[in-house]
Amino acid sequence: MALDELLDTSKIGWINSTGPDSDIVITSRVRLARNLKDVPFPHLLNRLQAKEVIEMVYKAFLSNAVLSKDARLYYMEDLSETEKNLLVEMHFISPDLARDDRGAVIISSDRRISVMINEEDHLRIQCIFSGLDPQGAYDLASRVDDVLEEQLDFAFDEQLGYLTACPTNVGTGIRVSVMMHLPVLTMLKQVDRMFSTMAQLGLVVRGLYGEGTESWGNLYQISNQITLGKSEEDIIQNLLSVAGQIIASERQARRNLNGEERLRLEDRILRSYGILTNSRLLSTQEAMRYISDVRLGVDLGIIKNLKPEELNNLFITAGPSYIQEVFKKTMTPLERDLNRANLLRQKLLR
Amino acid sequence: MRCDECKKRQATVHITKIVNGEKTLLHLCEQCAKEKSIFDVSFEFEGEPFSMQKFLAGFFEPIMREFHEKSQPLSCEGCGLTFPRFSQIGRFGCSRCYEAFKGQLDPMLRRLHGKTYHVGKVPRKRGGRMRIKSEIERLKRELQEAVNAEEYERAAVLRDKIKELEQKLGRD
């Protein structure tokens, strides 16, 4: 199974384009949970049944020649641990899908669509767009949903909407997330306070790689929690308005920095650039911190020879599995840190 | 991410402990997490890694207790899942479970979502009626908002639209 083509980050839309508000919002992601009528949910399926579900969904996806052009199907059982982790780091699949080998994922050629099969639900249709554009991501996900629905019978109830394995997703089955880069609000210790009010708005904050993970590189994922009793449009609008306020606060906080504070920040940014371009060993977490600083430096006009897209690329490069896939081998943590430092230096100094 | 304890296996259990405002982070693999006794205090660990489902199961417990007092274990004809089992794993077995556990579902949905009915996308296959119904629901809510905001012109337009759709629904 050739995963090599996925390593080519130049083909990943969200990394290389700059959507709305991309100085703060890295990506917008929408996923729709769908299940097949009269088929037990994935956790009750045996291998054979699970495979049947994968084949049915893949066949339905292929029915649309445009969407499925050059799309790939990857079976989890065919992938190594590192390969699966890489897909998680690149946000094509969730950690849950990677943990069980009865699942699969379809990835479109432009890498904007990924359809996870046999995760918690039979289908998780996911679209990732650059910048703050959840509506764009939803429109595409909904189109994929329409295509699949023509071929498959989805479990749907007039009162409860789309039926999902976990009642937390029932109704629209939608999860809208925006990944935001909030270095200055983090520095000023304002994020915790801001996020504590999120729950009241029906939103949750997650770490970089999803549920239960830490926020690295000052990246935060904000997503809706409520899926029932609100339309997709309302859910997106709600998230957009909250995201808008956070973006405004981060920008304001960046503008407000002056005098000594600004000088200290500039110093930190340029030191981080120095470390990234000179060190011999870098762990993922450490690298993420410096990349975040450099990205801020680019956004503030302090570092001029780099583009924001290149920094998106570095966030992926710094991940724990990317290095091992590039060199096609399992490495000790020391080897990884060494190769990571080398690769990041090469990419920055080009 | 590697486990903080053994530094070998993949960390799959991530814990943020906040004690008196002091935040500590722990990333552990399943095995080391089991060996670490701190978990016995924070939540039940029965040999399984912490999962969202288990977390949710705890959330359903009050509903479960109430349920135990009332009746015998109910089960789904579609997949055989019983309600007590559902409350353990936090996931249904098939789409028919929603019908089977209908009585228990409403209070749970109200706690999770604040609502018990769907508004939004309807599969095209479900035909016109269902789509019109959900469109009416949506417009009604919009009408309420318009009235609350004292936007009476918009409210009038919405009211006419609702009427039109309701007539259409009656005709079919």
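## Topic: the interface of chain B and chain A
Each partner contributes to the interface: chain B provides 44 residues, whereas chain A provides 53 residues. Residue A:Asp145 pairs with B:Lys121 through a salt bridge whose shortest N-O separation is 2.7 Å. At the level of elements, β1 (13-19), β2 (22-28), α3 (52-70), α4 (83-89), α6 (102-113) and α7 (127-148) of chain B are the ones that each hand at least two residues to the side of chain B that touches chain A. The biggest single contributor to the side of chain B that touches chain A is α6(B), with six residues. Tallied by class, the residues present in the side of chain B that touches chain A amount to 20 nonpolar, 13 polar and eleven charged.

## Points about the pairing of strand β5 (residues 123-130) of chain A
Residue and element names in this part refer to chain A. Most of β5 is tucked away, with eight of its eight residues classed as buried. Side-chain alternation along β5 places Leu123, Ile125, Cys127 and Phe129 on one buried face and Arg124, Gln126, Ile128 and Ser130 on a second face that is also buried. Here five bridges tie strand β4 (residues 113-117) to β5, and the two strands are oriented antiparallel to one another. If you follow Ile113 over to β5, its bridge partner there is Cys127. Hairpin geometry of β4 and β5 is characterised by an intervening segment of five residues between the two adjacent antiparallel strands and by a positive phi of about 60 degrees at Asn118.

## Focus: the confidence of the model for chain A
In this model, chain A carries a mean pLDDT of 90, and residues with pLDDT of at least 70 account for 97%. By mean pLDDT, helix α1 (residues 4-7) of chain A is the weakest element of chain A at 77, and β4(A) is the strongest at 97.

## Focus: the sheet that holds strand β1 (residues 25-34) of chain A
Residues and elements named next belong to chain A. Spatially, eight strands are ordered β2-β3-β4-β5-β1-β8-β10-β9 in an open sheet, and the strand pairing comes out antiparallel. Looking at the sheet topology across the chains shown, the edges are occupied by β2 (72-75) and β9 (203-206). Direction aside, neighbouring strands of the sheet carry axes that sit 20 degrees apart on average. Sheet topology places β9 next to strand β10 (residues 219-224); four bridges connect them, and they run antiparallel. Note on β10: the bridge partner recorded for Arg206 is Gln221.

## What to know about the packing of aromatic side chains
For the structure shown, the criterion picks out seven aromatic pairs over all chains. The interplanar angle of 20 degrees and the centroid separation of 6.0 Å between the aromatic rings of B:Phe92 and B:Phe101 together place this pair among those described as stacked. There is no split in this pair, since B:Phe92 and B:Phe101 are both buried. Here the aromatic cluster, defined as three or more aromatic residues joined through ring pairs, consists of B:Phe83, B:Phe86, B:Phe92, B:Tyr98 and B:Phe101. Here A:Arg34 stacks its cationic end above the ring of A:Tyr162, 3.5 Å away from the centre of that ring. Taking the ring centre of A:Tyr75 as reference, the NZ or CZ of A:Lys51 above it sits at 5.5 Å.

## Quick look at helix α9 (residues 232-256) of chain A
Here α9(A) is 25 residues long and its end C-alpha atoms lie 36 Å apart, about the 36 Å a rise of 1.5 Å per residue gives. The complete set of buried residues in α9(A) reads A:Glu232, A:Ile235, A:Ile236, A:Leu239, A:Val242, A:Ala243, A:Ile246, A:Ile247, A:Glu250, A:Ala253 and A:Arg254.

Calculation notes
Residues numbered from 1 in each chain as written. Chains lettered and ligands numbered in written order. Predicted model: local features only at pLDDT ≥ 70, side-chain atom pairs only at ≥ 80, totals over all residues. Heavy atoms only, no water. Contact = heavy atoms within 4.5 Å. Salt bridge = Lys/Arg side-chain N within 4 Å of Asp/Glu carboxyl O. Helix = DSSP H or I, 4+ residues; strand = E, 2+ residues; numbered from the N terminus. Nonpolar A, V, L, I, M, F, W, Y, C, P; charged D, E, K, R; others polar. Buried < 20%, exposed > 50% of the residue type's maximum accessible area, 1.4 Å probe, protein only. Pairing = 2+ DSSP bridges. pLDDT = per-residue confidence, 0-100. Axes fitted to C-alpha atoms, helices over the stretch in contact; angles between N-to-C directions. Phe/Tyr/Trp six-rings, centres within 6.5 Å; stacked < 30°, edge-to-face > 60°. Lys NZ or Arg CZ within 6 Å of the ring centre and 35° of its normal. Expected span 1.5 Å × (residues − 1).

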